[in-house]
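Letter by letter, the chains look like this.
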Amino acid sequence: GPKCWRRVRLLAEGGRAGCGGWLAGWPGGRWAVTWPGGAAVDNGRRDYEPRMSHMAPNTMAGTTVDSLYSQKDTTQNKRERFEDLMEERRQSSDLRYAMRCYTPVVYKDLVPRTPSALRSVVLKSDPVQYVIKQLAKETGESPDIISDEASDILEKMGHSLRLSIVRFFAFTLSKIFKTLFHKVHVNEEGIQKLQQAIQEYPVVMLPSHRSYIDFLMLSYIMYTYDLSLPVIAAGMDFMGMKIVGEMLRMSGAFFIRRSFGGDKLYWAVFSEYVKTILRNGDAPVEFFLEGTRSRTGKSLMPKLGLLNIAMEPFLMGEVFDMYLVPISISYERILEESLYAHELLGVPKPKESTSGLLKARKILSENFGSIHVYFGQPVSVRSLATGIVRRSHYNLLPRHIPRKPSEDVHRFLDAVGHRLVVLQQKNMVISPWVLMATVIIQNLPGLTLTELTRQTLWLKTIAEIFGASIDWPENVTPDKVIRSSLALRHNIVKTIKNQVVLCQEDTPAEFTVEMIFKHTVSVLMCASYRNQILHVFVRPALVAVAFQNTHSCKREDIFGCFSYLREVLSDEFVFLPGNLVKDFDEGLYLLMKSGAIHMSQADLHISEKGNTTISFLSVMFEPFLEGYQVIFNYPLHPEFADDFTEKSFIAAVRTYAAELILTGAIKYNEVLSTDMQKNALAALIRLGAVEKFKTVEGIICKVNKQTLGRVVDMLAVPRIPVKNAAVARL
Amino acid sequence: PRHGPAPAFAAAVKAAGSADRSPLTPPHSQPQHGRMASEEREQPRARQRLRVMAGHLRRPGTGPAATSTAEPATATTTTTTTECPALEPAAADGAAKATGSIPRRRQEILKWNGWGYRDSKFTFNKKGQGEFTGKRYRLSGMVLPALKEWMEKSFGASLEHKTTPRTTPNLDLPLSILNEECLKDIKDLNIPFSQDPEDRLIRSHGHCLHEIFALREGKVQRVPDVVIWPSCHSDVVKIVHLASKHNVCIIPFGGGTSVSDALECPTDEKRTIVSLDTSQMNRIMWIDEKNLTAHVEAGITGQDLERQLSEYGYCTGHEPDSMEFSSLGGWVATRASGMKKNIYGNIEDLIVHIKMVTPRGIVEKSCQGPRMSTGPDIYHFIMGSEGTLGVVTEVTIKIRSLPEYQKYGSIVFPDFESGVACLREVARQRCAPASIRLMDNTQFQFGHALKPQVASIFTSFLDGLKKFYITKFKGFDPNELCVTTLLFEGTREKVLQQEKHVYDIAAKFGGLAAGEDNGQRGYMLTFVIAYIRDLGMDYYIIGESFETSAPWDRVLDLCRNVKEKLVKECKEKGVQFIPLATCRVTQTYDAGACVYFYFAFNYRGISDPISVFEQIEASAREEILENGGSLSHHHGVGKLRKRWLKESISDVGLGMLKSVKEYVDPNNIFGNRNLL
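In this numbering scheme, every chain counts its residues from 1 along its sequence in written order. Labels follow written order: the first chain is A, the first ligand is 1, and so on. Local features are withheld for residues below a pLDDT of 70 in this predicted model, meaning they are given only at 70 or higher, and side-chain atom pairs are given and counted only at 80 or more; totals for whole chains, interfaces and linings count all residues. No hydrogens and no water enter the side-chain calculation; it runs on all heavy atoms of the structure.

### Description of the overall build of chain B
For the record, the criterion: Runs of E in the DSSP output that reach at least two residues are strands. Runs of H or I that reach at least four are helices, and both are numbered from the N terminus. Any two residues whose heavy atoms approach within 4.5 Å at even a single point are treated as in contact.
Within chain B one finds 24 helices and 21 strands. In chain B, the proportion of contacts linking residues at least 24 apart, taken out of those at least 6 apart, comes to 78%.

### What about the overall build of chain A?
Put simply, the rule reads: For every residue, the accessible area obtained with a 1.4 Å probe (protein chains only) is divided by the maximum for its type, and the residue is called buried under 20%, exposed over 50%, and partly exposed between those limits. Accessible surface is estimated by sampling points in the Shrake-Rupley manner with a 1.4 Å probe; for residues, cover comes only from the protein chains shown.
A count of helical and extended segments in chain A gives 28 helices and 19 strands. Looking at chain A residue by residue over its 730 residues, the buried ones come to 58%. Relative to all contacts within chain A whose residues are 6 or more apart in sequence, the contacts with residues 24 or more apart total 77%. Counting only carbon and sulfur atoms, one obtains 57% of the accessible surface of chain A, whose full area is about 30,000 Å².

### A few points about the interface of chain A and chain B
The test is simple: Two parts placed together each lose some accessible area under a 1.4 Å probe, and the buried area is that loss summed for both. Throughout this description, the term salt bridge denotes a Lys or Arg side-chain nitrogen within 4 Å of a carboxyl oxygen of Asp or Glu. In protein, a polar contact means a hydrogen-donor-capable atom and an acceptor-capable atom, both N or O and within 3.5 Å, with residues adjacent in sequence counting only if both atoms are side-chain atoms; elsewhere, any N or O pair within 3.5 Å suffices. By the convention adopted, Pro, Cys, Tyr, Trp, Phe, Met, Ile, Leu, Val and Ala count as nonpolar, Lys, Arg, Asp and Glu as charged, and the other residues, Gly among them, as polar.
The partner chain B presents 25 residues to the 23 residues of chain A that form the contact. Summing both partners gives a buried area of about 2,400 Å² for chain A against chain B, and 47% of it is carried by carbon and sulfur. Linking chain A with chain B are nine salt bridges, by the criterion used here. Residues Arg-391 of chain A and Glu-623 of chain B are paired through a salt bridge, measuring 3.2 Å at the closest nitrogen-oxygen approach. For the interface between chain A and chain B, the tally reads 18 residue pairs in polar contact (both at pLDDT 80 or more). Each residue belonging to the side of chain A that touches chain B can be placed in one class, and the counts come to eleven nonpolar, four polar and eight charged.

### Some words on helix 23 (residues 580-593) of chain A
All names here are of chain A. Our working rule: For a helix, the expected span equals 1.5 Å multiplied by the residue count minus one.
Between its terminal C-alpha atoms helix 23 stretches 20 Å, which fits the 20 Å expected from 14 residues at 1.5 Å a residue. Taken together, the buried positions of helix 23 are occupied by Leu-580, Val-581, Asp-583, Phe-584, Glu-586, Gly-587, Leu-588, Leu-590 and Leu-591. Of the residues trailing helix 23, Gly-595 is marked for its positive phi of about 85 degrees.

### Overview of empty space enclosed by the protein
Residue and element names in this part refer to chain A. As a reminder of what qualifies: With a 1 Å grid laid over protein atoms only, a set of points is called a cavity when a 1.4 Å probe fits there but cannot get out and a pocket when it is open yet has protein on both sides within 12 Å along at least five of seven lines; lining residues have an atom within 4 Å of a point. Grid points are joined across faces, edges and corners, and a volume is the space filled by probe spheres set on the points.
Going through the model one piece at a time under the given rule, you end up with 19 cavities of 30 Å³ or more. Considered as a void within the structure, the second largest cavity measures approximately 200 Å³ in volume. If you trace the second largest cavity, you find 21 residues lining it, with Gly-297, Ser-299, Asn-531, Gln-532 and His-535 closest to the centre. For the lining of the second largest cavity, the element with the highest residue contribution is helix 21 (residues 513-550), accounting for six residues. Taken together, the residues that form the lining of the second largest cavity break down as ten nonpolar, seven polar and four charged.

### Brief notes about the confidence of the model for chain B
Predicted coordinates in regions of low pLDDT should not be interpreted in detail. All names here are of chain B. Formally: One number per residue, pLDDT, summarises how confident the predictor is, and it ranges from 0 to 100.
Looking at chain B, the pLDDT average stands at 86 and 84% of residues meet or exceed 70. This stretch, residues 1-39, has a pLDDT under 50; its non-local contacts, to residues over four places away or in other chains, come to 57 contacts. Quick note on the complex model: pTM equals 0.85, ipTM equals 0.84.

### Some remarks on the packing of aromatic side chains
Residues and elements named next belong to chain A. Let me state the cut-off plainly: A pair of Phe, Tyr and Trp rings is counted when the ring centres sit within 6.5 Å of each other, with Trp represented by its six-membered ring. The angle between the planes then sorts it: under 30 degrees is stacked, over 60 is edge-to-face, the rest tilted.
Scanning the entire structure with this criterion turns up 40 aromatic pairs over all chains. With a centroid separation of 5.6 Å and an interplanar angle of 65 degrees, the aromatic rings of Tyr-628 and Phe-632 are classed as edge-to-face. Residue Tyr-628 and its partner Phe-632 are both found in helix 24 (residues 610-633); the two are separated by four residues, about one turn of the helix. Judged by relative accessible area, Tyr-628 falls into the buried class, the value being 0%. For Phe-632, a relative accessible area of 0% corresponds to the buried category.

### Regarding the pattern of salt bridges
Residues and elements named next belong to chain A. The full count for this structure, using the stated rule, is 75 salt bridges over all chains. Across the pair Glu-318 and Arg-279 runs a salt bridge whose closest N-O atoms are separated by 2.9 Å. With Glu-318 in the loop between helix 13 (305-315) and strand 7 (323-331) and Arg-279 in helix 12 (residues 264-280), this residue pair connects regions lying 39 residues apart in the sequence. Take Arg-279: its relative accessible area is 26%, and that puts it in the partly exposed class.

### With respect to the environment of Arg-604 of chain B
Residue and element names in this part refer to chain B. Mapped onto the elements of the fold, Arg-604 is located in the loop between strand 21 (592-602) and helix 23 (609-626). Not counting chain neighbours up to four residues away, the residues in contact with Arg-604 comprise His-161, Tyr-540, Gln-576 and Phe-577. Separated by 3.5 Å, the side chains of Arg-604 and His-161 make a polar contact.

### Side note on the sheet that holds strand 13 (residues 391-398) of chain B
Residue and element names in this part refer to chain B. Basically, it comes down to this: Note: two strands are recorded as paired if DSSP finds a minimum of 2 bridges between them. Axis definition: a line fitted to C-alpha atoms, over the contacting stretch in the case of helices. Angles run 0 to 180 degrees between N-to-C directions.
Strands sit in the order 8-9-13-11-12 across an open sheet of five strands; the sheet is antiparallel. The open sheet terminates on both sides in strands that have one partner only, identified here as strand 8 (284-288) and strand 12 (361-363). On average, adjacent strands in this sheet sit at an angle of 10 degrees to one another, irrespective of strand direction. Two strands pair when backbone bridges link them, and strand 8 and strand 9 (residues 293-297) are joined in this way by four bridges, in the antiparallel orientation. The partner of Asp-288 across the bridge, within strand 9, is Thr-293.

### Details of unusual backbone geometry
Residues and elements named next belong to chain B. Of note in this structure, Leu-292 is not a glycine but carries a positive phi near 55 degrees. By the secondary structure assignment, Leu-292 is in the loop between strand 8 and strand 9. Unlike most non-glycine residues, Arg-335 shows phi in positive territory, near 55 degrees. Turning to its location among the elements, Arg-335 is positioned in the loop between helix 12 (328-334) and helix 13 (341-344).

### Looking at the pairing of strand 11 (residues 351-358) of chain B
Residue and element names in this part refer to chain B. With eight of eight residues buried, strand 11 is to be regarded as a mostly interior element. Here strand 11 runs beside strand 13; their pairing, made up of six bridges, is antiparallel. In the sheet register, Ile-351 faces strand 13, and the bridge partner there is Ile-397. When strand 11 meets strand 12, the two strands line up antiparallel, connected through three bridges. The residue bridging Val-357 from the neighbouring strand is Ile-362, located in strand 12. Where strand 11 folds back on strand 12, the antiparallel hairpin that results is connected by two residues.

### Points about a negative patch on the surface
Put simply, the rule reads: What makes a patch is a set of residues exposed beyond 30% relative accessible area and free of salt bridges, joined within 9 Å when like-charged and within 5 Å when nonpolar (Val, Leu, Ile, Met, Phe, Trp, Tyr). When charges are tallied, Lys and Arg are placed among the positive residues and Asp and Glu among the negative ones, while His and the ends of the chain are skipped. Taken as the charge centre is NZ of Lys, CZ of Arg, CG of Asp or CD of Glu, depending on the residue.
A contiguous patch of negative charge on the surface is contributed by Asp-109 of chain A together with Glu-417, Asp-477 and Glu-480 of chain B. Among the structural elements, Glu-480 of chain B can be located in the loop between helix 18 (457-473) and strand 17 (482-490). Taking relative accessible area as the criterion, Glu-480 of chain B reaches 41% and is therefore assigned partly exposed.

Quick look at the structure:
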């Protein structure tokens, strides 16, 4: 537990302190003996390589987070290494815990400073001063006024970490978390690596984002393990919660506006603030790559703005290296689940407010199961960039002048962003309920408990072969596991006459639009749990779909179809850019590994028992494929207006899809999700079927009917667009 | 003291005048006894100044005589030519040869397997104390008690683990490629030449680590087939003509101090390689006191040039760290930089006229105007051409009166950051003294390792007091503090004024004046430090220095990142001991600074140390380039840094250089394959 962890750390530090000056940094004069952090921190690039070989279970290498073909043993190891944070909380005094000595290790080159000193450094910095002068020239305003403005922005934005507030949070969060969560599992090995990373180079923590709990939980864990509290980039909307916002700020959050595209001063102040913290290593900087909480349970595409800011100190040579730490936070049950489902159907997100938070107290009476927090292997930015980005780009423009990332830097950021999201996915822990939701949603309106148990167990086997880490309770009968999961999800599913059905399923007689939306809330809630496991299946499943669509046993044909599907769905699921062939290979490999596909000579065949797997996998993704077809077809509809905005498109598609559902023309309600609609529109834009124009009124979209026609055809009756370059690489 | 011109000079001047070898010869280059007489009372003072200036080079009392040698006698050399007009009377005089301190058989005074003079080297005496042998330098003959401990501490080296290099050069060379016809033509030139293995071997390398390492191991690759010693411009014209006729490859050789692989013979060169050693072209042809220029043969070494000019009260002020051995032509060919460039400028600022012999003919300008707008400056094709276009034979260089007053100085800073900030401010205010250098903490500690045994208890007490004051009273961290060394030159008044100015700026950045002695020691070490690598190599330590230049705002980041890169790379490449990675800022400019790195490690436990070293050095160079540093500040590109030239100067830029080469030397007679 954390306690003995602290002891271990103190011992380790004692050992280090004994070494004396820098020269003695290596006792005995040999590198091999100690290297702070180095041994634990893997070279990020190596992770690209798929690891086919079996890995020694207890070595560090066994935890390679990015292994494309994770081994079963690895996942089990992973599970064993989790420690329950709450256990100790339940046994000892929260007050003493909150008041205990807090002395985190810090970055080796840290020059300590107060939050206000930090703010003044930022204000006086060259980039901020440069923009102030620029703006003064452009607007005719006096630089002093703009400078005041900048200082005001800083005041509103900056964190003001105070230990007393941290201790207050430590106390209250202990109470709250104990009520809400059964257990909070943390991988201590990851903590250990993070601790080493913090000392070595500036650290950027990149957690997955599924709930508001995320950053509270992370800071709580950091405090518990005596790590320096991260400075967190949080949305300005929190500031709506007066006192709470202020308190969050004192616990290390800093606030940014959601959008500040045109505001040069804001951008300059904000980016310099982040960079200043990173350069000096004041604290780890934490932000959400996904930009916002994922409402669907799937990972969102990485946003690159903050990532660019965070990486600039390295790209400009201001620091030797930095670490990106992917953190995967898996919830057995998400607090906001029903809120999300409503939002996805177009009910706007409620404004954050303190009174709202107080109202939300009622959730305290509910059980939200367990949380798994997995601190991934710190990834060295330098090793990611070596050979990919030429930093000499930055030589020709003074470093204080703001710039847009060049094309290759942008590509690099995009790749890194995707990579880290994939790393987050790999370390997600999957609860039994996720498997059950996957089965249930394929068997609507309902299925028997026995059938649910059977299919869930079958899916568990497949998922484990595919490398998922599943938090399946040991020494409990499967039946009991299923029953207790169902009990926890009483808001989504219920059991009637031994049939497991969705909650809203009992009034199927009259179908109105209103009823459909109500039903869809349940579907989406259920789907949001199924979505948590899709990243495990997406590659083999798309190969399976390609198999079914092409009716071919030629590898090239299947690859052609796969690559098209991957292209269409690449806003829906996170694929590493430029990793097409590897994705295909991985999908195929997993199908072969599970015994679903055989290879005889050069041909691929579905094995006898493989039919179940293949069809299960393709049905799993059918809601998306069908949804995309509906959305892609909509602009071909005669009523469709030529010019449209994203907003109008989504509203119209929703009505259109609802009608189709009413008439029974389509099977899956998920097409009503605004998330899917947005992603499909993005796909159309990417595929050139929709073009965007900037006008005075905003961004207008226009359909290119010819291209769209082709896109629709391809998706309906998937043909094999031969991608020569890619095929050649096969 | 002698009055009037030295005989050699007089001879040269007379010859220049009488032979009327150049229309550029100024009328007043004839000895003007009247004027000289008027300056007679100046002479003793000039000598005094000279001694001060040369103080860091050589102990007083050991004059040039110590280095002069008899005429070499090589079996294959022919008698001195009679076709160099300037030489004839001088040769008859018999003293002229003594003016050049490097004889044809350089190995008689210089090491064949390391840096510098044979009589000077670091060594450990029987008590295990460090010592520097010889009589040439201030440090010579002194005991260095801290050296051993420093080596043990910094490298994990031990006196017990000694390498066993060859004691004599490996003369088992591949046969000289030279056909009869060509040999006959060479003989007919009547220019001294040699096919002696030793002569050839010592002209097959510069002073890169791998070159010296190979010598010590006795590994020999391609070496020149013939060494030839032209005595004047027209000799060179003949040699180049002959080379073109026989399609022979010429590699010009000046001081042999290259650290960029520039002298290495391409291993796949099938043609005869002629090493054209310019060391005997070492006369000052004339001095023009009206325009303050001197016309000099390009083979003259820095120390000879300064010594001879100083006899007339002049100097060029160009003092690269290699000036004892490197030649004027070499400086031109590599775009050299001198320690005192703040006053005198770098080589490109000093050059007024260049004459270069190329396969296409002779290139030079027709006048000596101080600046011209006549298209791109053709001298800039020559400066930095690294022997790929031709041989620089004669140069007109600016001269200045010897400085009246010199003063050393030093400043201690609490850390490297404040030191750099101070240098930047000094540059901003354009008040940089002749030289200003900032050493990082590691180099400061290294400087301590080379401190001679203290003569008196009083001095050691004083040192202790100083240390106490700086570390305890002023609170400087001994593991952080940095030292800047200063050299002021000029009139006494100006020097004192400038000194105050610089110390005032330093005080603003937390710097404390640390005395003249420390400064002088710093500059003395400049020349001695080059010797230490040979000692290291005796104890499994290999090292190298490399340089760059960077904009001011990049200097700190670059220094930190490159040092860290070196350390990281060592670890990754399996080096068993933490390396020495240290730097100093050696030059300040308006827009940036020159940074010099020293990198060394103990290679015990590595099977292929040189290849590991080269990989690490290359990665450090990449780090430099990515941090906004240049490919080279003054070492040049040679073959060592060729691979990065394209990205440094763009495809088109490289194409421009190639097209010049194509025109000037279409048959690649100057085939050392540097640069391009």
